[in-house]
Every structure is written in C-alpha cells, then in structure tokens.
Amino acid sequence: MPDHASEVTAAGIARLAGVGRAAVSNWRRRHPDFPKPVGGTETSPAFSLPEVERWLREQGKLGEVPLRERVWQQVAGHPAGPATALVHTGCVLLLLHERHPVWLEASAGSDERLAGLLTDALEQVLASRLGTDRPPALTVPAAGALLPSVPLLRGAAELAADLGARSTFEFLLGRHLDTGSRQYTPTPDALARLMADLAGPARTVHDPACGTGALLRAVESRPDQELYGQDGAPEAAALTALRLALHTRAAIRTAAGDSLRADAYGTVRADAVLCHPPFNERNWGHDELAYDPRWEYGFPARTESELAWAQHALARLRDGGTAVLLMPPAAAGRRSGRRIRADLLRRGALRAVIALPAGAAPPHGIPLHLWVLRRPGQVPARPELLLVDTGRLADGGTAPAAPGRETAASGRGLDWAAVRAAVLDIWRAFERTGTAAEHPGGTVERPGLSRALPVIDLLDDDVDVTPARHLPPPAVGGGAEELAAVRERLGATLRLTADLAPSPPVPASEREPGEPGNAPGSTGRPARWPLTTVGELARAGALSLRTGGNGAHARVLTDHDVLAGTAPSGTLPDTGEVPVLVTAGDVVVPVLGGGGVARVVDEETAGAALGRNLTLLRPDPAALDPWFLAGFLRGTAGSRRASSYASTATRLDVRRLQLPRLPLDEQRRYGERFRALAGFEDALRLAGRLGEQLVRGMHDGLTDGTVAPD
C-alpha cells in the first residue's frame, strides 16, 4: 500500500457502496479478505481508500458509485486533512479553469512526473490570478509534498470535465462545510445576496472575517473590481481566494490573520465592507488595542467584540461607503455598548437595523440583525435610523402560515423572496432621502414591519436600537372583521374534521352472522401476513430507492416539510450535482428522528427536489399501491425494528422496514383507508393553525385596543 494513500471511514465506505453502515460491519465480519484498518481508533477505524475500492469492485459493489462520491472520499480521507486536500484540488481546478496547457501533457505520465511538472505550473497560475503575496496555505508545495494528492487531482480533473471546474470546487467545498459544521459558521447564500444588495454596487469590496468567501462571492461582479478578504484561519483565506478566482475575473487579494489584531489592509478604503464576524468573543484584543485609532466612536468593552468589528468596518470604508454586518440581537441593546451606539447614531454612521427571522443563519434559534453603516462624509442635520423587523414575514404575522413555510423559530422554510423584497424596497425608499417620507418607489413606514425614527428619539439611557421595541403594532389580521372570518373558517374546519374522523372497525361480536370483517386481523388478533422488506422489494424491482440532498433547486422538500405536512420550503446549495425530483405517487420517508412518518407526494409537491435526510421510494404502480406502502411504513413497531441509535440521534434504515405481501386489490383497499386517515390528519393540522391564529389575534387585539372585550 502506498504510504500516501487516502483513508476512508466505515461511513464513507457505506456511502461509496450505497448501503447502510450495518452492511459494512457485516462485510468486515463475514469476509476475511476485507481490508484491515490502517488508522483511526478502535471505535472508528480508518481504511485505505484504494484497498477498499479494489475490494468493492471485486465484489461487484462499486459499479454505480458516482465519480463525485469517489473524489469526495479522497478529499475526506486525505492524509494531510480535507482542508489541505481542497486547497491542492482548488489549485489544479484553477489551472484547468485558466486553460493552462501543462495538464494535458503532464497527466499522461506517471504520478511522480505529474507532481513534478505541476509545481511550476501552479506557481504561474496562482501568481497571475492571486499575486505573490498570498496566504501561507497557498504556497505551492514541492513535488514530494504534492505526490499524495495526485490520485485525487486526477479524479477532480475528470469530474471537472463533466461539471466544470467551478461546480466541482463548489461541490467539494459544500461537502466539506457540511461535515465540518463545528469548525465553520457559513453565511447562507440567500442572506449573503441580501447583504451584498444592501451594500449596493461597489468597485472595491472588503470582508475582514471572510470564512470561505460566501459574502464576497455574492457581490455583483464587475470587470474592474477589487475583492479583499482576511480570515484568522489560513486554510479559510486560501479557500476564499481559490473560490473567488474560479467565480470572477476581479482582482483578488486574501490574507491570513486576525483583522482586529493584525489588519492586513490598513491602507485600503473600500466602497463596501461585508462582514459576518464571530459573535461573543471575549478574547478579541481588548487589552492590546486600547489606543487603536479605529475606535473613533468609543473604545469597546471586553464584552462588545461586535462593536469592535463594526468600527473596524467603518475604518476600512471611504467617505460615503457602506458596510453591512450580521450582528447578534444583544448588540442592539446591551448597556455596555450604549455610548458607542449613541455616537454612531449622532454622527449618522448607523443607518439601519434590520431584524431577520430566527433561523436565517447560525445560531438558528435567535433572530439575528443586519446593521447597515455608512462612513459619513458630513453629519446630516437631522439624522434618522431605519428600523425593520422581518420576523412576521417568516410566519405570516397573524395570517396563517403559507404552505411550505414554518414559523420563524423553527429555523426552516424561511420565505427569503418575501424577506428580500420587503427589505430592499424599504431600504431603497429610505436611502433616497434618509427620512420616513413616502416615495414613488416605496414606503418606509409600515406598521409592524418598518419605521424611520429621528435619532434624538433613541438617545435615552439605554440607546436600544432593537427594531421590535420601536415599531408600531400591525393591525391585528385586518381587525375584528378578519378575526371573525378566521373564527368562521375554524368552525368549518372543525366540522370537516368531524366528518373525516375515521369510524372504528366493528368488533366481531357485534357483526351480523356472515358479515365480513373490516380486514384481516379485525377480530382483535394480529394478522399473520407473509412479510417482506423494502430492501427485498427494491431488489425485486417493485420499487426504487433514492436519497436526497444534492444539487441546487428552487423548491426543495425537506424532512421538516414531511414531518409537518407542509409544501416544499427548503433550499440546496449549488454543488453541480443533479437533484432528485419527486413525482406524484412517490413515498418520502425521513431517516432521522425515529421514523413513524411517510408521505405520499401529491401533484402540488411534484417537481420539488428531494432534501437531505430523506429517502424516496418510487413504487411500480403494477406491483405496489403508494398509499398502502406509506401507511404500513408508518407503523410504530416496524419503525422500532428498523431504527439504529447513536448518542444523540435515531436513524432509520428504510431498507429494513417491513410490510405485508398482499395482492394489489387488497393493497388498494388498505390504501383507501390510509388516504382517508391522511385527509383527517391534514384537517387537524389546519384546525390547529387556525386556532393558534385566532388566539394570537385575540390577545393582540385586546391588548392594543383594536378588539373590544365584548
């Protein structure tokens, strides 16, 4: 075995072969020739990826594994770690993207020859696109250090021939971010685009805490643009540079280092600064930076790291430039920051505070804020602050939740289109004159949503700029008349639930002589059907299985949508993969959380992409009724038998779920009953939502005086 071979865990082997981890454990026990561990721990061993691939191929278990999966396993199992593997891969993909002639010539030879020829070629292309002053992680390795990556680089080049260099890198980076969630705090693409739009068109853009470059990538590209990024993690600065070089022709400069302690761009004055800073950092440099000239609006307290980042952003702006920062809500009201907030307001630097719905970005449980700051060329005579609270857009305010959207607190299903449209309309209307006056292009003052306040009204003892504390309350669902309409609709829904409530089977003792039972087993004794499993049905061709979570799509059916019975509400990053689209009659099963849920896809949901942590079962209509299949998969006992348990989660092995072998006519009898139960369940959900809406609206109306007690 070569000493530079990549390693793969049991979970990675399962993904390569398209099986569960239990199957990998069985192979290790039953096959003496299964590759031996070469690393890892006793509980989580690692295996040589080439040996595993060879064994799987000999066993006929590797034939249909996508190339992208094999390449990812080489990244994940790289001996120098996935971050180094991604940097090496990104450099070669940039080489291919720039159409450098060396690859075709060098790749035809041995691995050693390819590694030797790549060093000079990579140095040329990196110097051309990223300059000579690059992050340390972008130093071109010597041929010997590059040799362990050569099998990966060959696979990545082959994948790029199908997907393109940019999509290949985005796919591999997206997988890396998904598996390293504790190491990274990514900014969702939709939020990054909103922040870039708030900043407006800019020639020079800087992100002082760039992570993997999501914010800079969201900026509208211009041919004369300059993009500057800095991050404390050297590999993050390198990945940002490679990502941007594959995405745009702009001039790109990235640096490694803490921007507060070791600012690499002290002379840069940008048109726009975008930043998602680390939150709640106590060790941000308070003791070392007491006399730093950036604290133009006051020296931040040790607990106010976010206000240090806000002033750093202002210091890197030209006069009139705009900064947009993602901030925790506590930064808007903590007493330790009130003096700095007051000075930002007095001098017209803080222009807007926009509260986002909970779940817009990690941490998902709190409604983060966007601060829009502008370096004032001159102080306005009567500055005003725009306050926006978009939380009500996530759950429809007092209106019932729109299909496919869950409440803001869930962190799922945010209607980004509505949030984006409302925020940009209000901000652009306010930006034209800096006041709350109405404009032909939009209105700033919207009850419950937005308001522009004179700064003088905010300069009290707290200087609290939390939007919800200052916005006028919205009309309660249109007033008492609307609540009456909700009450009528709730009554009609409750009557419908009563009509749809399934009648219980007639006990055998009460049936007339000769009257047939409701079904086998209706005598109270368990039915003795011959059983089969989903895995056996798949092997027999009665159904096909697919897993989700790949490829960008406008509508994505998430596991939460399946659990809540709502319409598709999710999004997926653009990984270059082809998404799995659901069709009417498919059965979708969540694999996390213990099972007990299965959903038949209807015509309205058809065409959506299958999200992560979902398994799709596509039955052959000539062999299986979808409602029969979904109904029996929801059985509690079957889910218990097919579940496995980890320390923090329960995972369902869908292939092990059991259902009876019944003729198609008998399946359809059961299927009709299961379909009726599903209709009853949907009516109950609607009644619950309407009831919550009525109670919330009554409370709001009684407390703000729009509804009388009688």
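Just so it is clear, the structure is predicted and the values come from calculations on it, not from any experiment.

S.K.: Kindly report on the overall build of the protein, identifying the contributing residues and their values.
M.R.: Secondary structure summary: the protein contains 23 helices and 22 strands in total. Looking at the 710 residues of the protein, the share that counts as buried comes to 49%. Long-range pairs, those at least 24 residues apart, make up 72% of the contacts in the protein between residues at least 6 apart in sequence. When the accessible surface of the protein is summed, it comes to about 32200 Å², and 51% of that surface belongs to carbon and sulfur atoms.

S.K.: Help me get a handle on the packing of aromatic side chains, residues and values and all.
M.R.: Per the stated rule, a full pass over the model turns up 13 aromatic pairs. Ring geometry for Trp27 versus Trp55: centroids 5.7 Å apart, planes at 50 degrees, classification tilted. With a gap of 28 residues between them, Trp27 in helix α2 (residues 21-30) and Trp55 in helix α3 (residues 49-58) connect regions that are remote in the sequence. Accessibility classification places Trp27 together with Trp55 in one group, the buried group. Note on Trp529 and Tyr670: the rings are 5.9 Å apart at their centroids and 85 degrees apart in plane angle, and the pair reads as edge-to-face. Remark: Tyr670 occurs in helix α23 (residues 664-704) and Trp529 occurs in the loop between α18 (480-500) and β13 (531-533); sequence separation between them is 141 residues. An aromatic cluster is present here, built from Trp529, Phe628, Phe632, Tyr670 and Phe674 joined pairwise through their rings.

S.K.: For the side chain of Thr204, give the residues involved together with the corresponding values.
M.R.: With respect to the helices and strands, the residue Thr204 is situated in strand β4 (residues 204-207). Every residue in contact with Thr204, bar those within four places of it in the chain, is listed here: Glu226, Tyr228, Ala270, Asp271 and Ala272.

S.K.: An account of empty space enclosed by the protein is requested, with residue identities and associated values reported.
M.R.: This structure, assessed with the given rule, holds one cavity of 30 Å³ or more. What the largest cavity holds in volume is close to 30 Å³. In this structure, the largest cavity is lined by Ala196, Ala199, Gly200, Ala202, Val205, Val219, Ala272 and Leu274. Those elements that provide at least two residues to the lining of the largest cavity are α11 (189-199) and β7 (270-275). A class-by-class count of the residues in the lining of the largest cavity yields seven nonpolar, one polar and no charged.

S.K.: Any details on the sheet that holds strand β19 (residues 614-619)? Residues and values, ideally.
M.R.: The strand order β14-β19-β16-β17 describes an open sheet built from four strands, whose pairing is antiparallel. Looking along the sheet, the strands with just one partner apiece sit at the ends: β14 (543-547) and β17 (599-600). Here β14 pairs with β19 via five bridges, running antiparallel. Looking across to β19, one finds that Ser544 is bridged to Arg618. On top of the sheet, helix α21 (residues 626-633) reaches β14, β16 (587-590), β17 and β19; it is set at about 15 degrees to β16, its chief contact.

S.K.: Can you break down the nonpolar core residue by residue, with the values?
M.R.: Grouped together as the largest cluster of nonpolar side chains are 89 residues, with contacts concentrated most on Leu118, Leu198, Leu274, Leu326 and Leu370. Those residues in contact with Leu118 that sit more than four places away from it in its chain are Val92, Leu95, Trp103, Leu146 and Leu153. Ranked by size, the runner-up nonpolar core spans 42 residues in total, among them Val268, Trp295, Met327 and Val465.

S.K.: Explain the side chain of Glu666 to me, and be specific about the residues and the numbers.
M.R.: Take Glu666: it is sitting in helix α23. Side chain to side chain, Glu666 and Arg669 meet in a polar contact 3.0 Å long.

S.K.: So what about helix α5 (residues 82-97)? Which residues, and what values?
M.R.: Compared with the 22 Å implied by 1.5 Å per residue over 16 residues, the 22 Å span of α5 between its first and last C-alpha is a close match. Within α5, twelve of the 16 residues are buried, leaving the element largely enclosed by the surrounding structure. Along α5, the residues that are buried comprise Ala83, Ala85, Leu86, Val87, His88, Thr89, Gly90, Cys91, Val92, Leu93, Leu94 and Leu95. Positive phi shows up at Arg99, right after α5, with a value of about 55 degrees.

S.K.: Give a detailed account of the environment of Leu686, specifying residues and quantitative values.
M.R.: Residue position: Leu686 is located in helix α23. Its relative accessible area of 23% is what places Leu686 among the partly exposed residues. Remark: the alpha-carbon pair of Leu686 and Arg489, spanning 197 residues in sequence, is separated by 9.9 Å.

About the cut-offs
Residues numbered from 1 in each chain as written. Predicted model: local features only at pLDDT ≥ 70, side-chain atom pairs only at ≥ 80, totals over all residues. Heavy atoms only, no water. Helix = DSSP H or I, 4+ residues; strand = E, 2+ residues; numbered from the N terminus. Buried < 20%, exposed > 50% of the residue type's maximum accessible area, 1.4 Å probe, protein only. Contact = heavy atoms within 4.5 Å. Areas by Shrake-Rupley, 256 points an atom, 1.4 Å probe, with all protein chains shown as cover. Phe/Tyr/Trp six-rings, centres within 6.5 Å; stacked < 30°, edge-to-face > 60°. 1 Å grid on protein atoms, 1.4 Å probe; cavity = no way out; pocket = protein on both sides within 12 Å on 5 of 7 lines; lining within 4 Å. Points joined across faces, edges and corners; volume = space filled by probe spheres on them. Nonpolar A, V, L, I, M, F, W, Y, C, P; charged D, E, K, R; others polar. Pairing = 2+ DSSP bridges. Axes fitted to C-alpha atoms, helices over the stretch in contact; angles between N-to-C directions. Core = buried A, V, L, I, M, F, W, Y, C linked by side-chain atoms within 4.5 Å. Polar contact = N/O pair within 3.5 Å; in protein donor to acceptor, adjacent residues only side chain to side chain. Expected span 1.5 Å × (residues − 1).

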